[in-house]
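What follows is each chain in one-letter form.
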Amino acid sequence: MLNIIIMGPPGAGKGTQSELIIKNYGIPHISTGDMFREAAINKTTLGLEAKAFMDRGELVPDEVTIGIVRERLSKDDCAKGFLLDGFPRTLVQAEALKTLLNEINRPITSVINLAVNEKLLIDRISSRRVCPKCGASYNLLTKTSKKEGICDNCQGELILRDDDRPESFKVRLEAYKAKTLPLVEYYKKEGLLSEVDGLASIEEVFKSIQEILSKGK
Ligand code: AMP
């Protein structure tokens, strides 16, 4: 059973590695960022509330975020395992997740932390491009689409996310350091944490992740 959390600062490559993990291990990808973005595009109440926080690079309130994850984890497809990407992001969320997973008897089996040097993150994030239609992520330097500016999967037009603009990105990085970084210690204490060098190539990072998961941790 693989009940995985992937962590790391914004721009560390969580989305890219998540795509490889779900393809390889056949488990659902639970990305709170993707869920909020989809809700925002569909202009649901949740989406409109979340968008205001997201555009400023701030975290969406814990109660809202925990609520959507609780609902998603109760779906049948999570019974065979799951990959949480972008959640938990605060200690309150981590505690709520622990309680929730104990209730349904599906404890976390591994937490993978993509460690990245902060200065290099800014370069990486400003060259990130995403497809607003299907959520695929590209990078002008490290992971280009076949046709410039066009998504390989669905032919959507690639964009720079509003919250990847330097002003918002700095706020996100500060939010990460203040609220999410403490989770590295939290999961280390729980004996669940494995660290990977997020600056290695996409293939090397994925190879390290596969090694960690094959050890069941
Ligand atoms: P991401 O795509 O994971 O970088 O998420 C984009 C934005 O969605 C974040 O900057 C937050 O505004 C919001 N968000 C995603 N996940 C969470 C979370 N676990 N807690 C609070 N806000 C979140």
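The structure presented is a predicted model; accordingly, all values stated were derived computationally and were not measured.

Thoughts on the pattern of salt bridges
Part 1 of the argument: Across all of its chains, the model carries 14 salt bridges by this definition.
Part 2 of the argument: Note that Asp164 is salt-bridged to Arg128, the shortest N-O span being 3.0 Å. Pair noted here: Asp164 is in the loop between strand S6 (137-139) and helix H7 (166-180) and Arg128 is in strand S5 (residues 128-130), with a separation of 36 residues, a long-range link.
Part 3 of the argument: Look at Asp164 and you get buried, because its relative accessible area is 2%.
Part 4 of the argument: You can call Arg128 buried: its relative accessible area is 15%.
Part 5 of the argument: For Arg172, the salt bridge is made with Asp163, and the minimal N-O distance between the two is 3.9 Å. The burial state of Arg172 is the same as that of Asp163; both residues are buried.
Part 6 of the argument: One salt-bridge network, held together by shared partners, links Arg128, Arg161, Asp163, Asp164 and Arg172.

With respect to the site of the ligand
Part 1 of the argument: Close to the ligand lie 16 residues; Thr32, Arg37, Glu58, Gly86 and Gln93 are nearest.
Part 2 of the argument: One of the side-chain N or O atoms of Thr32 is found 2.7 Å from a nitrogen atom in the ligand.
Part 3 of the argument: One nitrogen or oxygen atom from the side chain of Arg89 is found 3.0 Å from a nitrogen atom belonging to the ligand.
Part 4 of the argument: A total of 480 Å² of accessible area belongs to the ligand in isolation, and the protein chains cover 96% of it.
Part 5 of the argument: Among the elements that line the shell around the ligand, the one with the most residues is helix H2 (residues 32-41), at 4 residues.
Part 6 of the argument: Residue composition of the shell around the ligand, grouped by class: 5 nonpolar, 5 polar and 6 charged.

Here we look at the side chain of Gln93
Part 1 of the argument: For Gln93, the position within the fold is in helix H5 (residues 91-103).
Part 2 of the argument: Its relative accessible area of 3% is what places Gln93 among the buried residues.
Part 3 of the argument: Residues contacting Gln93, with those up to four places away along its chain left out, are Asp62, Thr65, Ile66, Phe87 and Pro88.

Quick notes on the packing of H2 against helix H3 (residues 45-56)
Packed helix pairs are specified by the crossing angle of their axes together with the interaxial distance, meaning the distance between the axes.
Part 1 of the argument: Following both chains from N to C, one finds H2 and H3 inclined at 115°, their axes separated by 7 Å at the closest point. Where H2 crosses over H3, the two elements pack in a sense that is left-handed. Along its contact with H2, which presents Gly33, Phe36, Arg37, Ala39 and Ala40, the element H3 presents Leu46, Gly47, Ala50, Lys51 and Met54.
Part 2 of the argument: Tallied by class, residues from the contact of H2 with H3 come to 6 nonpolar, 2 polar and 2 charged.

A closer look at the environment of Ile68
Part 1 of the argument: Position of Ile68 relative to the elements: it lies in helix H4 (residues 62-73).
Part 2 of the argument: Judged by relative accessible area, which is 12%, Ile68 ranks as buried.
Part 3 of the argument: In this structure, the C-alpha to C-alpha distance between Ile68 and Met35, residues 33 residues apart in sequence, is 8.4 Å.
Part 4 of the argument: Apart from residues lying up to four places away in sequence, Ile68 is in contact with Thr32, Met35, Phe36 and Leu46.

Section: the pairing of strand S3 (residues 81-85)
Part 1 of the argument: The buried count for S3 comes to 5 of 5 residues, which makes it a mostly enclosed element.
Part 2 of the argument: With burial as the criterion, each face of S3 is covered, one bearing Gly81, Leu83 and Asp85 and the other bearing Phe82 and Leu84.
Part 3 of the argument: As defined by bridge partners, strand S1 (residues 2-7) adjoins S3 across 5 bridges and the pair is classed as parallel. By the bridge assignment for S3, Ile4 is matched with Leu83.
Part 4 of the argument: Pairing between strand S2 (residues 29-31) and S3: 3 bridges, direction parallel. Within the sheet, the bridge partner assigned to Ile30 lies in S3 and is Leu84.

Parameters at a glance
- Note on numbering: residues in each chain are counted from 1, in written sequence order.
- Reporting of local features is limited, given that this is a predicted model, to residues whose pLDDT is at least 70; pairs of side-chain atoms are given and counted only at 80 or more, and all residues count toward the totals for whole chains, interfaces and linings.
- Side-chain figures throughout are based on the complete set of non-hydrogen atoms in the structure, without hydrogens or water.
- In what follows, salt bridge is the name for a side-chain nitrogen of Lys or Arg lying within 4 Å of a carboxyl oxygen of Asp or Glu.
- Comment: elements are numbered from the N terminus, with helices defined as DSSP H or I runs of at least four residues and strands as E runs of at least two.
- Whether a residue is buried, partly exposed or exposed follows from its accessible area with a 1.4 Å probe, protein chains only, as a fraction of its type maximum: under 20%, in between, or over 50%, in that order.
- Only heavy atoms are used to decide nearness, and a residue is near a molecule or strand if one of them lies within 4 Å of it.
- We call two N or O atoms a polar contact when they sit within 3.5 Å, provided that within protein one can donate a hydrogen and the other can accept it, with sequence-adjacent residues counted only if both atoms are side-chain atoms.
- Per-residue and other accessible areas follow the Shrake-Rupley method at a 1.4 Å probe size, with only the shown protein chains counted as cover for residues.
- Residues are grouped as follows: Ala, Val, Leu, Ile, Met, Phe, Trp, Tyr, Cys and Pro are nonpolar; Asp, Glu, Lys and Arg are charged; every other residue, Gly included, is polar.
- In this analysis, two residues are considered to be in contact whenever any of their non-hydrogen atoms come within 4.5 Å of each other.
- Axis definition: a line fit to C-alpha positions, over the contact stretch in the case of helices; interaxial angles, taken between N-to-C directions, run 0 to 180 degrees.
- Each crossing gets its handedness from the near helix: less than a right angle anticlockwise from the far helix is left-handed, clockwise is right-handed.
- Being paired, for any two strands, means DSSP has found at least two bridges between them.

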